[in-house]
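The lines below spell out each chain.
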Amino acid sequence: MHIVAVGLNYRTAPVEIREKFAFSEQELPKALAELKDTKSILECVIVATCNRTEIYAVVDRPHLCSHYITSFIERWFQVSKDQFAKHLYTYENERAVEHLFRVTSGLDSMVIGETQILGQVRDAFLLSQSLKGTGSFFNMLFKQAVTLAKRAHAETGISDNPVSVSYAAVELGKRIFGSYASKTVMIIGAGKMSELTVKHLYASGAGRVLVVNRTWERAVDLAAKFNGIPCPMEQLLERLAEVDIVISSTGARDYVLTKEHVQSVLQKRKSRPLFMMDIAVPRDLDPQISSLSNVFLYDIDDLQAIVDNHLQARQREAVKIETMIAGEMAAFEQWTKTLGVSPVIKALQAKANVVHEETMDSLLKKLPELDEREIKVIRKLTKSMLNQMMRDPILRVKEMAVERHGDEALEMFTKLFALEAELEEAGGEQALTEPESQQRKTEDKHALLGLGVDALARS
């Protein structure tokens, strides 16, 4: 049993590549169902944000399953893997667990320590869990990752300095114009990112903000929160002539503004400069817009230089979180190792019970004159003796299971007590008694075969 993480992010792929592999919210349930049906994948979660697309999976063969996951990406997005393979990263076992902890804590984000990713990972896990895409491993791992991230932000100062993609966009505009006081800003989109952007704009002194959105009600709601002006999408080009700054963050698949759109309003602007920031993935603004005179276009990758100037304090706090991550990794590894102990102990107890019953049956045949009280006393004493004989071996196997070569210790324990048949029988009974619950069968399969023991030990 292994944990793998396959994905691409802002470090490994530019925005023009990332936008080709963006899952929409509506697509995710279907994508998860198809991924879960992929050969050798037992559990899966898809984390899809503007800066990363990552697939986490519990698999039985890591190298081959990485190929299956890559093929799924190729098939789902209809893009040849030759075009994206060099941008992919693959982590296995300990590295995959560490990567998830870093992602959820905000240490792997473009804006280190940002908190939005925590909610995105949590939502991705809960969606997969609701669709029966997770089992015992990911139910434990992702809950632990979310709890760790909450503790990291509560116990360190990594979130003290207001740094986010939206904040960086506002800071970039401030660098160019100096002040927002006399400027008109247009926000395209009314989602969470847009709301954060408007919040930072008003904190920076912006006096007039237009909110443009396809859904009128959402434009009105966002504008009302900050005394802004809602505008229907149909007025976008008309109002573009009067603004100084455009910040766009929608979920559109195609460009919201093309070069031709912007060019059509430039004459009305009378050479006034237009600052445009595209913080959406896929991009909202046609990259060719940057070729127009007096138009300055920046996309999400251009924010990195801004972000770097605000990271020094957060990087010092990140060291504390790294220590927390190390502790959580050790805790998860110990938990996975204990998964293999329970079925082995149950198998030993089942075998001991069989031996005890057979011995009692033989005894009663040889001593038929025993009354019920005598039989009860003998049964109790022999059972107690058997339990005392098993007590020390059970304690020792629990201790050995969490040591470095715990899987080997469990295997030797199984052979010494000849428990193979009991383990096999236990697995068969589960398959017969619970055919209706695929997730339960997956979790039982993990435990009964002792797969949790070597989930991380072979990394």
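The rules behind these values
Residues numbered from 1 in each chain as written. Predicted model: local features only at pLDDT ≥ 70, side-chain atom pairs only at ≥ 80, totals over all residues. Heavy atoms only, no water. UniProt positions renumbered as here; feature names shortened; annotations may be inferred. Helix = DSSP H or I, 4+ residues; strand = E, 2+ residues; numbered from the N terminus. Contact = heavy atoms within 4.5 Å. Core = buried A, V, L, I, M, F, W, Y, C linked by side-chain atoms within 4.5 Å. Buried < 20%, exposed > 50% of the residue type's maximum accessible area, 1.4 Å probe, protein only. Pairing = 2+ DSSP bridges. Domains from an automatic or database assignment. Buried area = accessible area lost by both parts, 1.4 Å probe. Salt bridge = Lys/Arg side-chain N within 4 Å of Asp/Glu carboxyl O.

1. Considerations on the UniProt feature "active site" (unreviewed entry) in the protein chain
With numbering matched to this structure, UniProt assigns "active site" (unreviewed entry) to Cys50. Summarising the element assignment, Cys50 is placed in the loop between strand 2 (41-48) and strand 3 (52-59). If near-sequence neighbours (up to four positions away) are discounted, Cys50 is found in contact with Arg18, Met193, Val281 and Ile300.

2. Considering the nonpolar core
Burial of nonpolar side chains together is a common tendency in soluble globular proteins. Ile3, Tyr56, Phe101, Phe138, Leu141 and Phe142 are the most contacted members of the largest nonpolar core, which totals 37 residues. Those elements giving two or more residues to this core turn out to be strand 1 (2-9), strand 2, strand 3, strand 4 (89-92), helix 4 (94-105), helix 5 (116-130), helix 6 (136-155) and helix 13 (312-339). In this structure, Met110, Val165, Ala168 and Ala206 belong to the second largest nonpolar core, which totals 33 residues.

3. What to know about the pairing of strand 4
Burial along strand 4 is one-sided: the residues Tyr89 and Tyr91 are buried and none of Thr90 and Glu92 is. Relative to strand 4, strand 1 runs antiparallel, the two sharing four bridges. Following the sheet pairing, Val6 is matched in strand 4 by Thr90.

4. Considerations on the domain arrangement of the protein chain
The domain boundaries assigned to the protein chain delineate domain 1 (2-155), domain 2 (165-298) and domain 3 (342-430). Between domain 1 and domain 2, the contact holds twelve residues from the first and seven residues from the second. At the boundary of domain 1 with domain 2, total buried surface from both sides reaches about 890 Å², with 57% on carbon and sulfur atoms. It is Glu19, Cys50 and Gln116 that lose the most area in domain 1 upon contact with domain 2, and together they represent 52% of the buried surface on that side. A salt bridge links Arg253 to Glu27; the shortest N-O distance between them is 3.2 Å.

5. Some thoughts on unusual backbone geometry
Residues apart from glycine generally show negative phi values, whereas peptide bonds are mostly found in trans. Here Val281 and Pro282 are connected by a cis peptide whose omega angle stands at 0°. Among the secondary structure elements, Pro282 is positioned in the loop between strand 9 (274-278) and strand 10 (295-299). Even without glycine at this site, Asn93 takes up a positive phi of about 55°. Examined against the element boundaries, Asn93 turns out to sit in the loop between strand 4 and helix 4.

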